[in-house]
Amino acid sequence: MSTIGIPGLILILVLALVLFGPKKLPELGRAVGHTLKEFKNATRSLTSDDDDDEEAKKKELAAKEAPAKTAVVTEKDAFDREKIEREVRERLERERLEKEIREKLEKERLQMEKEQQKA
């Protein structure tokens, strides 16, 4: 397997500039960067979910063994809690929407296959 190298990279950049133009190229770069960032965050959250489950079990055991302590809730704690709750709600909503979109796309794909088979 060969690598692209500097000349190949320059050729690709020139072709992209010719195909998309100087106005669309920065937008395209931003879109690609945003997509990569979302993918990275998604994979990170998938791997951290397993770690979070283990940590939650350990915390439950520690809470059962430790004597009950009174906690003072500060404004910062309340704000952090609200922020976390909001992020969780947003994440759940995003996952629900993604699931709906996947289901709709699958239905459309199946419908297109049926139409192609009839034709």
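Being a predicted model, the structure only gives us computed values, none of them experimental.

Asker: Can you explain the overall build of the protein chain? Please cite residues and give values.
Answerer: When its secondary structure is counted, the protein chain shows two helices and zero strands. A buried classification covers 3% of the 119 residues belonging to the protein chain. If you sum the accessible surface of the protein chain, you get close to 11,700 Å²; carbon and sulfur atoms cover 61% of it.

Asker: Can you lay out the pattern of salt bridges for me, pointing to particular residues and giving the numbers?
Answerer: Per the stated rule, a full pass over the model turns up seven salt bridges. Notably, a salt bridge pairs Glu-93 with Arg-96, separated by 2.4 Å at the nearest N-O pair. Here Glu-93 and its partner Arg-96 are both found in helix 2 (residues 75-118), three residues apart, which amounts to about one turn of the helix. We classify Arg-96 as partly exposed; its relative accessible area is 38%.

Asker: Break down the UniProt feature "coiled-coil region" (unreviewed entry) in the protein chain for me, citing the residues and quoting the values.
Answerer: Here, the residues flagged by UniProt with the feature "coiled-coil region" (unreviewed entry) are residues 87-118. Within residues 87-118, the helical portion is 100% and the strand portion 0%, while the C-alpha atoms at the span's ends are 46 Å from each other.

Asker: Can you break down a nonpolar patch on the surface residue by residue, with the values?
Answerer: A contiguous nonpolar surface patch, about 690 Å² in accessible area, is contributed by Leu-11, Leu-15, Leu-19, Phe-20, Leu-28, Val-32 and Leu-36. Mapping Leu-36 onto the fold places it in helix 1 (residues 5-65). Its relative accessible area of 54% is what places Leu-36 among the exposed residues.

About the criteria used
- Residues numbered from 1 in each chain as written.
- Predicted model: local features only at pLDDT ≥ 70, side-chain atom pairs only at ≥ 80, totals over all residues.
- Heavy atoms only, no water.
- Helix = DSSP H or I, 4+ residues; strand = E, 2+ residues; numbered from the N terminus.
- Buried < 20%, exposed > 50% of the residue type's maximum accessible area, 1.4 Å probe, protein only.
- Areas by Shrake-Rupley, 256 points an atom, 1.4 Å probe, with all protein chains shown as cover.
- Salt bridge = Lys/Arg side-chain N within 4 Å of Asp/Glu carboxyl O.
- UniProt positions renumbered as here; feature names shortened; annotations may be inferred.
- Patch = residues over 30% accessible without salt bridge, like charges linked within 9 Å, V, L, I, M, F, W, Y side chains within 5 Å.

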